[in-house]
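# Coordinate inspection notes
Read off the chains here:
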Amino acid sequence: MASFDHDDTALNSAAPPPSSQQGQDALGYDPNFVPDSVKSFVVHLYRHIREKNVYEIHQMYETSFQTLSERLFKDTPWPSVDAVAHYVDNDHVFCLLYREMWFRHLYARLSPTLKQRIDSWDNYCSLFQVVLHGVVNMQLPNQWLWDMVDEFVYQFQSFCQYRAKMKNKTEQEIALLKQFDQAWNVYGVLNFLQALVEKSTINQILEREKEGLEQFTANGWVMITMVGEVELLNAIVQIPARFGLMGAQRQGPPYNCLVIKSHYEYEKVLAFKLFIGKCGSQEIVLLSFTGANVYVEAIREFNKILLYIYKTKQYHQKSPQYEQILKKNEQMYALLAICLSLCPQVKLVEETVNAQLREKYGEKMIRMQRYDDEAFAIYDELFSYACPKFITPSAPSFEEPLVNYNQDAYRLQLKLFLYEVKQQQLLSGVRTFLKVYSTISLGKLANYMEVDEPTLRTILMTYKHKTHAVDGDGKIISNADLDFYIDDDMINVVESRPAKRYGDYFLRQIVKLEGVINDVDRIKLE
């Protein structure tokens, strides 16, 4: 059985990052010391926010903050909000924004303490209360807004993972968990997300756009709506979907993830997230965890996203998210390999993507068709590598003995997934025979499969059930590469044949030519 870490620390880290308290003590961190460059940063950022200079805000948020973090605060937090508040007239909203950035930096560079996790929750509550119920006269860059909400969900996920490790908790930590039992409460998180969606009225706007009654796009990428006078991404609407994906709280696979496709063009928002905001795994992996055998939809979406990355990743090599993009790209290929092994629909995959897939997982996909112990081990390996960090959001039991349960949700999802794979074992035999014949009698097929006719009819009915699903529009669709019907005692096979797509060839050659031209341009002639 493959073993992968599904905690909130990096999979390849040699050791977990030090706690923020350890880092502060080791480096003599003084939360009240404010370097001159930080004073200048805070003052100018505050001025640009007051002047609604979105371009300068974006430059400072995207470049200056990252540069200062790398140069001055690589292993320590930024100065405390109390230390910088008097430079910004003790502005309440700016201090909330600063603290949000402060905690995000802390999560990225160090390991926050329990008290800091709780304080971050309180800060998000205050910030969202201002957005939802206050009158705020300012504008923030789209990326900052997206990162803010995305980080909120990430910190909830991180807190659930942290809280689930009860075995080595100190008495002080247990006392804090009991005292602040509402911090990062699942209902509180959901309520904030739902309130943001309802306040933005984005669902109604997207429905009107779907019906052709309204065109509500900005720059062809991201739709914007207004909450008070603060711009919020329509991407906020996908956060509850993301929350659902993360959720092992369903105690089963999330069956309804793909319903979001009926509201907006998923790949556009995802592409925006991939290259502008953080690259969260949950949005990417949701498509294969649909449970109700909607493998066709998953394959289509993976194909679109992987093709998009293939065509555009060369333009984002300097992006801070580039390494993360590549990692998600590899995970999506693993998920696509799973989907195509369970639902052989190669005709839905562009030749470019298919070539990359065969290069990465061609040999494993052949072995996955055998449905033996080795095949199940490969399914286990790929699922564990590419699945999201499933969480259990329920409060822990404080009764002795204290045990860790942070892996329970992942193990449950893996168990259900492998059960689905084992169900496909018998059906693979049916498909093998049906691909050979255009017509075959029930008796002959039953003889080949060494079962009686009533059992064969049950198997064929199961095959029909497993290869059909309901799409986002409520229509029953087939996800099989061949279909059949029974007339009296004869099975008539109908196999779909994909149309040849010559465009793929030319697209590949164009990409190669662009690469050659770029290489030639870099050559300096003497």
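Residues numbered from 1 in each chain as written. Predicted model: local features only at pLDDT ≥ 70, side-chain atom pairs only at ≥ 80, totals over all residues. Heavy atoms only, no water.

With that settled, consider the overall build of the chain. The secondary structure content of the chain amounts to 21 helices and seven strands. Counting every position in the chain, which comprises 526 residues, the buried fraction comes to 50%. Contacts in the chain between residues at least 24 apart in sequence constitute 75% of all its contacts with a sequence separation of at least 6. Just so you have it, the chain exposes about 25,800 Å², and 52% of that area is on carbon and sulfur atoms. (Helix = DSSP H or I, 4+ residues; strand = E, 2+ residues; numbered from the N terminus. Buried < 20%, exposed > 50% of the residue type's maximum accessible area, 1.4 Å probe, protein only. Contact = heavy atoms within 4.5 Å. Areas by Shrake-Rupley, 256 points an atom, 1.4 Å probe, with all protein chains shown as cover.)

Side chains that carry opposite charge are capable of pairing whenever their charged atoms lie near each other. For the structure on display, the rule yields 13 salt bridges. Glu70 serves as the salt-bridge partner of Arg109, at 3.0 Å between the closest nitrogen and oxygen. Of this pair, Arg109 sits in helix H5 (residues 92–109) while Glu70 sits in helix H3 (residues 54–72), placing them 39 residues apart in sequence. Judged by relative accessible area, which is 24%, Arg109 ranks as partly exposed. Note that Glu301 and Lys304 form a salt bridge whose closest N and O atoms lie 3.5 Å from each other. Here Lys304 and Glu301 lie together in helix H14 (residues 295–312), a separation of three residues that amounts to about one turn. With a relative accessible area of 1%, Glu301 lands in the buried category. (Salt bridge = Lys/Arg side-chain N within 4 Å of Asp/Glu carboxyl O.)

Our focus in this paragraph is the packing of helix H18 (residues 408–436) against helix H20 (residues 453–466). One can describe the packing of H18 onto H20 by two numbers: an axis separation of 10 Å at closest approach and a directional angle of 115 degrees. The hand of the H18/H20 crossing is left-handed. Contacts between H18 and H20 involve Glu420, Gln423, Gln424, Leu426, Leu427, Val430 and Arg431 on the former and, on the latter, Ile459, Leu460, Thr462, Tyr463 and Lys466. Tallied by class, the residues present in the contact of H18 with H20 amount to six nonpolar, three polar and three charged. (Axes fitted to C-alpha atoms, helices over the stretch in contact; angles between N-to-C directions. Left-handed = near helix turned anticlockwise from the far one by under 90°. Nonpolar A, V, L, I, M, F, W, Y, C, P; charged D, E, K, R; others polar.)

Turning next to H3. For H3, built from 19 residues, the straight-helix expectation of 27 Å at 1.5 Å per residue is met to within 8% by its first-to-last C-alpha distance of 25 Å. Considering bend angle alone, the principal kink of H3 is centred on Met60 and spans about 35 degrees. Along H3, the residues classified as buried are Ile57, Met60, Tyr61, Phe65, Leu68 and Ser69. For H3, the secondary structure elements touched by its buried residues are helix H2 (36–51), H5 and helix H7 (142–164). (Expected span 1.5 Å × (residues − 1). Bend = angle between axes of the 7 residues up to and from the residue.)

A few words on the packing of aromatic side chains. Scanning the model with the defined rule gives 25 aromatic pairs in all. Centre to centre, the rings of Phe65 and Trp78 are 4.7 Å apart; their planes meet at 25 degrees, and the pair counts as stacked. Residue Phe65 is located in helix H3, and its partner Trp78 is located in the loop between H3 and helix H4 (81–84); the two are separated by 13 residues in the primary sequence. Summarising the aromatic geometry, the rings of Tyr124 and Trp184 are spaced 6.2 Å apart at their centres and angled 65 degrees between planes, so their arrangement reads as edge-to-face. With a gap of 60 residues between them, Tyr124 in helix H6 (residues 114–133) and Trp184 in the loop between helix H8 (171–179) and helix H9 (186–200) connect regions that are remote in the sequence. By relative accessible area, Tyr124 is classed as buried at 1%. Counting every residue linked through ring pairs, the aromatic cluster contains Trp121, Tyr124, Phe128, Phe152, Trp184 and Phe192. The lysine or arginine in question, Arg117, covers the ring of Tyr162, its NZ or CZ lying 4.4 Å from the ring centre. The ring of Phe376 has Lys422 sitting right over it, with the charged end atom 5.7 Å from the ring centre. (Phe/Tyr/Trp six-rings, centres within 6.5 Å; stacked < 30°, edge-to-face > 60°. Lys NZ or Arg CZ within 6 Å of the ring centre and 35° of its normal.)

Core analysis: the largest hydrophobic core is formed by 68 residues, its most contacted members being Phe41, Ile49, Trp78, Leu97, Trp144, Phe152 and Trp184. Those elements that provide at least two residues to this core are H2, H3, H4, H5, H6, H7, H8 and H9. Ranked by residues supplied to this core, first place goes to H7 with 11 residues. Each of two domains, domain 1 (33–213 + 224–243) and domain 2 (264–419), supplies a minimum of three residues to this core. Core analysis: the next-biggest nonpolar cluster, separate from the first, contains 43 residues, Met332, Phe376, Tyr379 and Leu418 among them. (Core = buried A, V, L, I, M, F, W, Y, C linked by side-chain atoms within 4.5 Å. Domains from an automatic or database assignment.)

This part is about the confidence of the model for the chain. A residue-level look at the chain finds 74% of positions with pLDDT of 70 or above and a mean pLDDT of 75. Under a pLDDT of 50 for its full length, residues 1–16 has, in the predicted model, 33 contacts with residues more than four places off or in other chains. Confidence over residues 216–293 falls short of pLDDT 50; this stretch has 222 contacts with residues more than four positions distant or in other chains. (pLDDT = per-residue confidence, 0-100.)

Another aspect to go through is helix H19 (residues 442–449). Note that an α-helix has 3.6 residues per turn; residues three or four places apart therefore point the same way. Those residues of H19 that fall on the buried side of the exposure criterion are Leu442, Leu445, Ala446 and Met449. For H19, the angular spread of the buried residues around the axis is 100 degrees, confining them to a single face. Just downstream of H19 lies Glu450, where phi reads positive at about 60 degrees. (Arc of directions from axis to C-beta.)

In this structure the tally under the stated criterion is zero disulfides. Free cysteine Cys339: the closest other cysteine sulfur is in Cys343, separated by 8.1 Å. For Cys339, a relative accessible area of 0% gives the class buried. (Disulfide = S-S within 2.5 Å.)

On to the packing of helix H17 (residues 373–386) against H18. Where H17 meets H18, the axes come as close as 10 Å, and the angle between the chain directions of the two elements is 140 degrees. Considered as vectors, H17 and H18 are oriented oblique to each other. Here the hand of the crossing between H17 and H18 comes out right-handed. Together, Phe376, Tyr379, Asp380, Phe383 and Ser384 of H17 and Tyr410, Gln413, Leu414, Phe417, Leu418, Val421, Lys422 and Gln425 of H18 make up the contact between the two elements. Each residue belonging to the contact of H17 with H18 can be placed in one class, and the counts come to eight nonpolar, three polar and two charged. (Parallel < 35°, antiparallel > 145°, perpendicular 65-115°, else oblique.)

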